[in-house]
Amino acid sequence: MSSKLFTLEVQTRQRSQFIDITSEVERIVTQSGVKEGTARIFTLHTTAGLTINENADPTVVEDILMELNKVVPLNDGYRHMEGNSAAHIKSSLFGVSLAVFITGGRLALGTWQSLYFCEFNGPRQRKVLVKVIEE
Amino acid sequence: MSSKLFTLEVQTRQRSQFIDITSEVERIVTQSGVKEGTARIFTLHTTAGLTINENADPTVVEDILMELNKVVPLNDGYRHMEGNSAAHIKSSLFGVSLAVFITGGRLALGTWQSLYFCEFNGPRQRKVLVKVIEE
Amino acid sequence: MSSKLFTLEVQTRQRSQFIDITSEVERIVTQSGVKEGTARIFTLHTTAGLTINENADPTVVEDILMELNKVVPLNDGYRHMEGNSAAHIKSSLFGVSLAVFITGGRLALGTWQSLYFCEFNGPRQRKVLVKVIEE
């Protein structure tokens, strides 16, 4: 039993954007050599998040971003002076970590599931930690 | 130290429905023989989720489902043609995985806590993975 | 490889309040002697949660609490008679567990990240479990 820690850099291009990181995480799992275990993913930021959602139709991600902006408007009488309170709130609603099982050396995801880095206050250079745990 | 992976089938009966899966997960933990560790639960779908909430008064779950439909309406100008964007959004808000400690061979839950499978786009036959990790 | 389980008591003072528990969790990690691994945190309540967010400007936390009360109002035609349905809903939106990597004997958090206990139905005496896993 063992674990290895990797760092992934993610360059976002827009204020609000979901970036599919599934293939990068898959590559890390392959590189680790772990066949059975868990991949745990953590992002080091407070105005971004991580989520798992549909990868087939890109309008799903567009709808999520659109609706999130309705639920948590960019401007809504916030006191924090940096103007990014909505991004902090979305980060807490989505969370900054994920855990996905590894079976047969691959991520055990459903047919339609992809891993997304969720930028809520871009564009920025972001860091994601990926720990591959054999178990 | 070791881990075992189990699959749970969940049949949902309504469009939006929470199903208490605590006793099924407890049974898996007992079957695994693990006394100290963690049960990690993951569902393979993008229009469903998992959560921990109150098990005593069923109106709590009804209130959660009712309020979620106010916050993320079923129809709200979404672009995704399948008509289930609200379910995708709720899935990201709740998340598709849980981790619960095991102590003395049982789930270490609070008095009022149960594990719920959250159907947001049913009725459907759903799959939940449960990994029991000795640690 | 090993793990140790600790209990943290948190006294909340207001109905809605975020309490920074980072230093308490750091102290537990130090006490455990674990240098590389994961700290997994779980709260045993259904009207509270856990989150990671900014620790520098206290208005961020105030904005999160303010906006959450707009998204999920304290009174909104709920059926649950105890009057705390909003707290249950917020608990499911935020979740009751966190996982943070440990590197070099310390929590691997970003510059601005702190761990918060989220009281949604206080004031109360609350319990948080912290498991430190060597891996």
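Residues numbered from 1 in each chain as written. Chains lettered and ligands numbered in written order. Predicted model: local features only at pLDDT ≥ 70, side-chain atom pairs only at ≥ 80, totals over all residues. Heavy atoms only, no water.

## A few points about the overall build of chain A
On a plain count of helices and strands, chain A comes out with three helices and eight strands. In sequence order, the secondary structure elements of chain A are arranged as β-β-α-β-β-α-α-β-β-β-β. Its C-alpha atoms give chain A a radius of gyration of 16 Å, near enough to 14 Å, the size a compact globule of 135 residues would have. Its C-alpha atoms give chain A principal-axis dimensions of about 50 × 30 × 20 Å. Expressed as a percentage of the 135 residues in chain A, the buried residues total 64%. Here chain A contributes 14 positively and 15 negatively charged side chains, and the mean placements of these two sets differ by 8 Å. (Helix = DSSP H or I, 4+ residues; strand = E, 2+ residues; numbered from the N terminus. Rg over C-alpha atoms; globule rule 2.2 N^0.38 Å. Buried < 20%, exposed > 50% of the residue type's maximum accessible area, 1.4 Å probe, protein only. Lys, Arg positive; Asp, Glu negative; His and termini not counted. Charge placed at Lys NZ, Arg CZ, Asp CG, Glu CD.)

## Let's talk about the pattern of salt bridges
All told, the structure shown has 21 salt bridges over all chains when counted by the stated rule. A salt bridge links A:Lys131 to C:Glu135; the nearest nitrogen and oxygen atoms lie 3.4 Å apart. Placement of the pair is A:Lys131 in strand β8 (residues 125-134) and C:Glu135 in the segment after β8 (125-134), with the two residues belonging to separate chains. The residue C:Lys127 makes a salt bridge to C:Glu9 at a minimum N-O spacing of 3.2 Å. (Salt bridge = Lys/Arg side-chain N within 4 Å of Asp/Glu carboxyl O.)

## Things to note about the relation of the copies chain A and chain C
Rotating chain A by 120° about the axis while translating it 0.0 Å along that axis superimposes it on chain C, leaving an RMSD of 0.0 Å. Look at the turn and shift together and you get a three-fold axis relating the two. Closest approach to the rotation axis within chain A is made by the C-alpha atom of A:Leu93, at a distance of 3.4 Å. Residue by residue, only 13% of the interface of chain A is reproduced at the interface of chain C, so the copies engage with different surfaces. (Least-squares fit on C-alpha atoms with pLDDT ≥ 70 in both. Contact = heavy atoms within 4.5 Å.)

## Points about the interface of chain A and chain C
As a measure of interface size, the accessible area lost when the parts come together is often cited. Contacts between the two partners involve 31 residues from chain A, matched on the other side by 32 residues from chain C. Of the roughly 2,500 Å² buried where chain A meets chain C, counting both sides, 57% is carbon and sulfur surface. Considering only the surface of chain A that becomes buried against chain C, A:Arg40, A:Phe42 and A:Ser92 emerge as the three largest contributors, covering 23% of it. Remark: the boundary between chain A and chain C carries four salt bridges. (Buried area = accessible area lost by both parts, 1.4 Å probe.)

## Focus: the pairing of β8(A)
Residue and element names in this part refer to chain A. In terms of burial, β8 is a largely internal element, seven of the ten residues being buried. Judged from the nine bridges that link them, strand β1 (residues 3-11) and β8 form a sheet pairing that is antiparallel. Note on β8: the bridge partner recorded for Leu8 is Val128. Relative to β8, strand β3 (residues 37-43) runs antiparallel, the two sharing seven bridges. The partner of Arg40 across the bridge, within β8, is Lys131. (Pairing = 2+ DSSP bridges.)

## Quick word on the environment of C:Leu50
Residue and element names in this part refer to chain C. Relative to the assigned elements, Leu50 resides in strand β4 (residues 48-54). On the basis of relative accessible area, Leu50 is assigned to the buried category, the value being 0%. Spatially, the C-alpha atoms of Leu50 and Asp76 are 24 Å apart, while their sequence positions differ by 26 residues. When neighbours within four sequence positions are excluded, Leu50 is seen to be in contact with Ile21, Ile41, Phe42, Thr43, Phe94, Gly95, Val96, Ser97, Leu98, Tyr116, Phe117 and Cys118.

## Observations concerning the relation of the copies chain A and chain B
Between the two copies, chain A and chain B, the superposition gives an RMSD of 0.0 Å; the rotation angle is 120° and the shift along the axis is 0.0 Å. Little of the interface of chain A is mirrored in chain B, where only 12% of its interface residues again form contacts.

## A word on helix α3 (residues 85-94) of chain A
Most of α3(A) is tucked away, with ten of its ten residues classed as buried. Every buried residue belonging to α3(A) is among A:Ser85, A:Ala86, A:Ala87, A:His88, A:Ile89, A:Lys90, A:Ser91, A:Ser92, A:Leu93 and A:Phe94, and all of these are buried.

## Things to note about the sheet that holds strand β4 (residues 48-54) of chain A
Residue and element names in this part refer to chain A. The strand order across the open sheet built from three strands is β2-β7-β4, with neighbouring strands paired in antiparallel fashion. Looking at strand neighbours, the two that pair on one side only are β2 (17-20) and β4, the edges of this open sheet. This sheet shows a mean twist of 35° between the axes of neighbouring strands, independent of strand direction. Pairing analysis gives four bridges linking β2 to strand β7 (residues 113-119), with the strands arranged antiparallel. (Axes fitted to C-alpha atoms, helices over the stretch in contact; angles between N-to-C directions.)

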